[in-house]
Amino acid sequence: MIVGSLEIKLFASLARLQSDMDKAGKTVDVAMSRIDKAIGTTKAAFTGLAGAFGAQSIVRLADEYKRFDSQLKLATRSASQYQEAYARVVDISAKSQSDIGAIGVLYARLANNLRDAGASQQEVGDIAESISLSLRVANATVQETNSVMLQLSQSFGSGKLNGQEFLAVAEGAPALLRQVAKEMGRTYGELKDLATEGKITADVLKRAWTNPEYLEGVREQVKQVGTIASAMTVLKNNLTLYIGEADKATGTSKLLSQAIIFLSENINLLVTGGLA
């Protein structure tokens, strides 16, 4: 009787599992159908890049877009602010041929650190653009770029540029410091002592890097700089935006995530059923 009861329970569990698996399968089918539909118009273009951008890369780019999108939403206080920030970050990443995720992080950190100081959204965007374009003109490496962006966001948070932060900028984007020297009416060589004395304040940095003349100059300079690596970054940015927007519209990644989680939560029953 006990064995018979166990068999009945087992068959009932397997039947429920089969039903749930059928539902999960249908969810995956719907998700894949939406993916096919979303990329259908650019399928020919993606075919030539299949070796570089496979299914895993598409999932990774969708996740990168979500992080980028979430950071901007957290750094803004309204839908209109978010839309303005989104458009500005996309524009900056295109001009500087820099990773859009890194530009998004920089913008979000600057917005959070400068908001209480009364900086406008336009000023936040100008500072982010000055930093990004200056790094690009200097042909800074990815590591130098990430370091300078982090150090400068911390400088605006602490209210001054000094110490390790000053050295990172001097090595990665000296043009930014030359503009600071010009703003302060000092020579480049005097900046290190000024930094040690705590005189290169966040207000000085803001005035220097929102200067229209400086921005126009660096915008012209960046047009003369371009590499294969930076071109690939532009391609990656465009793919990230395309895939992210398509995913936002269709909810594909959410469906896939739910299906994967369901399968992982029922793996034991699935294995047991298969062995039986």
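Above this text sits the structure in question.
Residues numbered from 1 in each chain as written. Predicted model: local features only at pLDDT ≥ 70, side-chain atom pairs only at ≥ 80, totals over all residues. Heavy atoms only, no water.

Student: So what about the overall build of the protein? Which residues, and what values?
Tutor: Looking only at helices and strands, one finds 15 helices and zero strands in the protein. By sequence separation, contacts in the protein at least 24 residues apart represent 71% of the contacts at least 6 residues apart. Split by element, the accessible area of the protein, about 15200 Å² in all, is 58% carbon and sulfur. (Helix = DSSP H or I, 4+ residues; strand = E, 2+ residues; numbered from the N terminus. Contact = heavy atoms within 4.5 Å. Areas by Shrake-Rupley, 256 points an atom, 1.4 Å probe, with all protein chains shown as cover.)

Student: How would you sum up the nonpolar core? Please name residues and give values.
Tutor: Counting 48 residues, the largest nonpolar core has Leu110, Ile131, Ile200 and Trp209 as its most contacted members. Residue contributions to this core peak at nine residues, all from helix α5 (residues 100-114). Sequence-distant contacts of Trp209, that is, excluding residues within four places in its chain, are made with Asp126, Ile127, Ser130, Ile131, Leu152, Phe156, Leu176, Gln179, Val180 and Leu215. (Core = buried A, V, L, I, M, F, W, Y, C linked by side-chain atoms within 4.5 Å. Buried < 20%, exposed > 50% of the residue type's maximum accessible area, 1.4 Å probe, protein only.)

Student: Describe the packing of aromatic side chains, and please don't skip the residues or the numbers.
Tutor: Each pair of aromatic rings is reported with the distance of its centres and the angle of its planes. By the definition in use, this model includes four aromatic pairs. Ring geometry for Phe156 versus Trp209: centroids 6.2 Å apart, planes at 65°, classification edge-to-face. Note that Phe156 is positioned in helix α7 (residues 142-158) and Trp209 in helix α11 (residues 202-209), a separation of 53 residues in sequence. By way of ring pairs, the aromatic residues Tyr65, Phe68, Tyr82 and Tyr86 are connected into one cluster. Residue placement shows Lys73 over the ring face of Tyr82; its charged tip is 5.7 Å from the ring centre. (Phe/Tyr/Trp six-rings, centres within 6.5 Å; stacked < 30°, edge-to-face > 60°. Lys NZ or Arg CZ within 6 Å of the ring centre and 35° of its normal.)

Student: Any details on the packing of α7 against helix α8 (residues 163-172)? Residues and values, ideally.
Tutor: At a closest axis distance of 9 Å, the pairing of α7 and α8 adopts a crossing angle of 140°. One finds that α7 runs oblique with respect to α8. Our pair here, α7 against α8, has a crossing hand that is left-handed. In contact with Glu144, Ser147, Val148, Gln151, Leu152, Gln154, Ser155 and Ser158 of α7, α8 contributes Gln164, Glu165, Ala168, Val169, Glu171 and Gly172. Split into classes, the residues belonging to the contact of α7 with α8 amount to four nonpolar, seven polar and three charged. (Axes fitted to C-alpha atoms, helices over the stretch in contact; angles between N-to-C directions. Parallel < 35°, antiparallel > 145°, perpendicular 65-115°, else oblique. Left-handed = near helix turned anticlockwise from the far one by under 90°. Nonpolar A, V, L, I, M, F, W, Y, C, P; charged D, E, K, R; others polar.)

Student: Explain the side chain of Ser93 to me, and be specific about the residues and the numbers.
Tutor: Examined against the element boundaries, Ser93 turns out to sit in helix α4 (residues 79-96). Ser93 sits in the buried class, given a relative accessible area of 2%. Filtering out sequence-adjacent residues up to four positions away, Ser93 remains in contact with Ser98, Ile100, Ile103 and Asn237.

Student: Lay out the side chain of Ser130 with the relevant residues and their values.
Tutor: The topology assignment puts Ser130 in helix α6 (residues 121-137). Accessibility expressed as a relative area gives 0% for Ser130, which makes it buried. Apart from the residues lying within four places of it in its own chain, the contact partners of Ser130 are Leu176, Trp209, Tyr214 and Leu215.

Student: Describe the environment of Phe156, with residues and values.
Tutor: A relative accessible area of 4% means that Phe156 is categorised as buried. Taking the C-alpha atoms as reference points, Phe156 and Leu114, separated by 42 residues in sequence, lie 6.8 Å from one another. The residues contacting Phe156, other than those within four sequence positions of it, are Leu110, Asn113, Leu114, Ile127, Ala202, Leu205, Lys206 and Trp209.

Student: Please provide a residue-by-residue account of helix α12 (residues 212-222), values included.
Tutor: Listed in full, the buried residues belonging to α12 are Tyr214, Leu215, Val218 and Val222. For α12, the angular spread of the buried residues around the axis is 100°, confining them to a single face. What points out from α12, more than 90 degrees from its buried face, is the exposed set Pro212 and Glu213. Those residues of α12 that are buried lie in contact with α4, α6, α9 (174-184) and α11. The residue sitting at the N-terminus of α12 and contributing the capping side-chain oxygen is Asn211; that oxygen lies 2.8 Å from the backbone nitrogen of Glu213. (Arc of directions from axis to C-beta. Polar contact = N/O pair within 3.5 Å; in protein donor to acceptor, adjacent residues only side chain to side chain.)

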